[in-house]
Amino acid sequence: MAAAPFMFFLLATISVVAAIGMLVARSPVYSALWLVLNLFCVAGLYLTMNATFIGVIQILVYAGAIMVLFLFVIMLLNLDALPQLEEIDWGMVAGFVLGVVVLSQLLYVIASGFDLPMEAMGASAETGSAETLGIALYTRYALHVEVAAVLLLAATVGAVMLAQKRFK
């Protein structure tokens, strides 16, 4: 079980670096690929916390379907690279990445010093199962799911309306 905390902090560090890479990428395609790496790291974080269902769904839905949709939209709109801002100081970038790695290790050492349990937050291994998640979503959080569905429907209708006005 000593590998799980190490993997958690490693994936968390890679996830932060990938998020920063997504923000500073000059090309929208490279930015989307950094986001794919970030989504895979988040799925790995879920897997280290024994939430296997959410981890697999993270890969299938977000890293798979949503990112394919993003890449199709980027290619359809024919977005060019962002305008050149200024030269990147690679020394500062390397220092920032090194600082994130050191901070990650420091947080791991502090968490180990407090003798916190390094296991999943749930009381049993059934916490991340599809059945437990479904029961929680459609009983305790039913209103939240319905509000999210209405917001997604409104966003879809708005996107269709904007796309129709642009191509007329």
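Residues numbered from 1 in each chain as written. Predicted model: local features only at pLDDT ≥ 70, side-chain atom pairs only at ≥ 80, totals over all residues. Heavy atoms only, no water.

## Structural notes on the overall build of the protein
In plain terms, the rule: What counts as a helix is a DSSP run of H or I of at least four residues, what counts as a strand is a run of E of at least two, and both are numbered from the N terminus. Buried residues are those whose accessible area, probed at 1.4 Å on protein chains only, stays under 20% of the maximum for their type, while exposed residues exceed 50% and partly exposed ones sit between those limits. Calculation of accessible area relied on Shrake-Rupley with a 1.4 Å probe; when residues are assessed, cover is drawn exclusively from the protein chains displayed.
Assigned secondary structure in the protein consists of six helices and zero strands. A buried classification covers 19% of the 168 residues belonging to the protein. Carbon together with sulfur atoms contributes 75% to the accessible area of the protein, which is approximately 12400 Å² in total.

## Description of the packing of helix α1 (residues 3-24) against helix α2 (residues 28-48)
Note the cut-off: Comment: axis = line fitted to C-alpha atoms, over the contacting stretch for helices; angle = value between 0 and 180 degrees taken between N-to-C directions. Should an angle lie under 35 degrees it is considered roughly parallel, over 145 roughly antiparallel, and from 65 to 115 roughly perpendicular; all remaining angles are considered oblique. Crossing chirality is assigned from the near helix's rotation relative to the far helix, an anticlockwise turn below a right angle marking it left-handed and a clockwise turn marking it right-handed. Contacts between residues were defined by any pair of non-hydrogen atoms, one from each residue, lying within 4.5 Å. Three classes are used, and their members are as follows: Ala, Val, Leu, Ile, Met, Phe, Trp, Tyr, Cys and Pro are nonpolar, Asp, Glu, Lys and Arg are charged, and the others, Gly among them, are polar.
Axis separation between α1 and α2 bottoms out at 8 Å; the angle between their running directions is 160 degrees. As summarised for this structure, α1 and α2 are arranged roughly antiparallel, according to the angle between their axes. The element α1 and its partner α2 pack so that their crossing is left-handed. In this structure, α1 contributes Ala4, Met7, Phe8, Leu11, Ala12, Ile14, Ser15, Val17, Ala18, Ala19, Gly21 and Met22 to the contact, and α2 contributes Ser31, Trp34, Leu35, Leu37, Asn38, Cys41, Val42, Gly44, Leu45 and Thr48. For the contact of α1 with α2, the per-class residue count stands at 16 nonpolar, six polar and no charged.

## Considering α1
Here is the rule we go by: Expected helix span is taken as 1.5 Å per residue step, with the number of steps being one fewer than the number of residues.
Over its 22 residues, α1 runs 32 Å from end to end, which matches the ideal 32 Å to within 8%, given 1.5 Å per residue. Check the buried side of α1 and you find it contacts α2 and α4 (90-113).

## Things to note about the nonpolar core
We apply this condition: We call a set of buried Ala, Val, Leu, Ile, Met, Phe, Trp, Tyr and Cys residues a nonpolar core when their side-chain atoms join them within 4.5 Å.
Counting residues in hydrophobic clusters, the biggest one holds seven residues: Ala32, Leu35, Val36, Leu39, Ala63, Met67 and Ile74. Only α2 and α3 (52-77) provide two or more residues apiece to this core. The biggest single contributor to this core is α2, with four residues. When neighbours within four sequence positions are excluded, alanine 63 is seen to be in contact with Leu39, Phe40 and Gln58.

## Let's talk about the side chain of asparagine 38
Mapped onto the elements of the fold, asparagine 38 is located in helix α2. The contacts of asparagine 38, once residues within four sequence positions are left out, are Ser15, Ala18 and Ala19.

## Some words on the packing of aromatic side chains
Using the following cut-off: Here is the rule: rings of Phe, Tyr and Trp (six-membered ring for Trp) pair when centre to centre is within 6.5 Å. Planes less than 30 degrees apart are stacked, more than 60 are edge-to-face, and the remainder are tilted.
Applying the stated rule across the entire model yields one aromatic pair. Measuring from ring centre to ring centre gives 5.6 Å for phenylalanine 8 and phenylalanine 9, while their planes differ by 90 degrees; the resulting arrangement is edge-to-face.

## Focus: the side chain of serine 104
This is how it is decided: Between N or O atoms, a polar contact is any pair within 3.5 Å; within protein, one atom must be a potential hydrogen donor and the other a potential acceptor, and residues adjacent in sequence are included only when both atoms are from side chains.
Inspection of the secondary structure assignment puts serine 104 in helix α4. Among the residues examined, serine 104 registers a relative accessible area of 13% and is labelled buried. Among the polar contacts listed, one links the side chain of serine 104 to the backbone oxygen of phenylalanine 9, at a separation of 3.5 Å. Residue contacts for serine 104: discarding those within four places in its chain leaves Phe9 and Thr13.

## Considering a nonpolar patch on the surface
Our working definition: To count toward a patch, a residue needs a relative accessible area over 30% and no salt bridge; like charges are then connected within 9 Å, while nonpolar side chains (Val, Leu, Ile, Met, Phe, Trp, Tyr) are connected within 5 Å. Here, a salt bridge means any Lys or Arg side-chain nitrogen found within 4 Å of an Asp or Glu carboxyl oxygen.
Taken together, the side chains of Phe6, Met7, Leu10, Ile14, Tyr30, Leu33, Trp34 and Leu37 define a hydrophobic patch exposed on the protein surface, amounting to about 740 Å² of accessible area. Positionally, phenylalanine 6 belongs in helix α1.

## Some details on unusual backbone geometry
Phi at asparagine 50 takes a positive value of approximately 60 degrees, unusual for a residue other than glycine. Relative to the assigned elements, asparagine 50 resides in the loop between α2 and α3.

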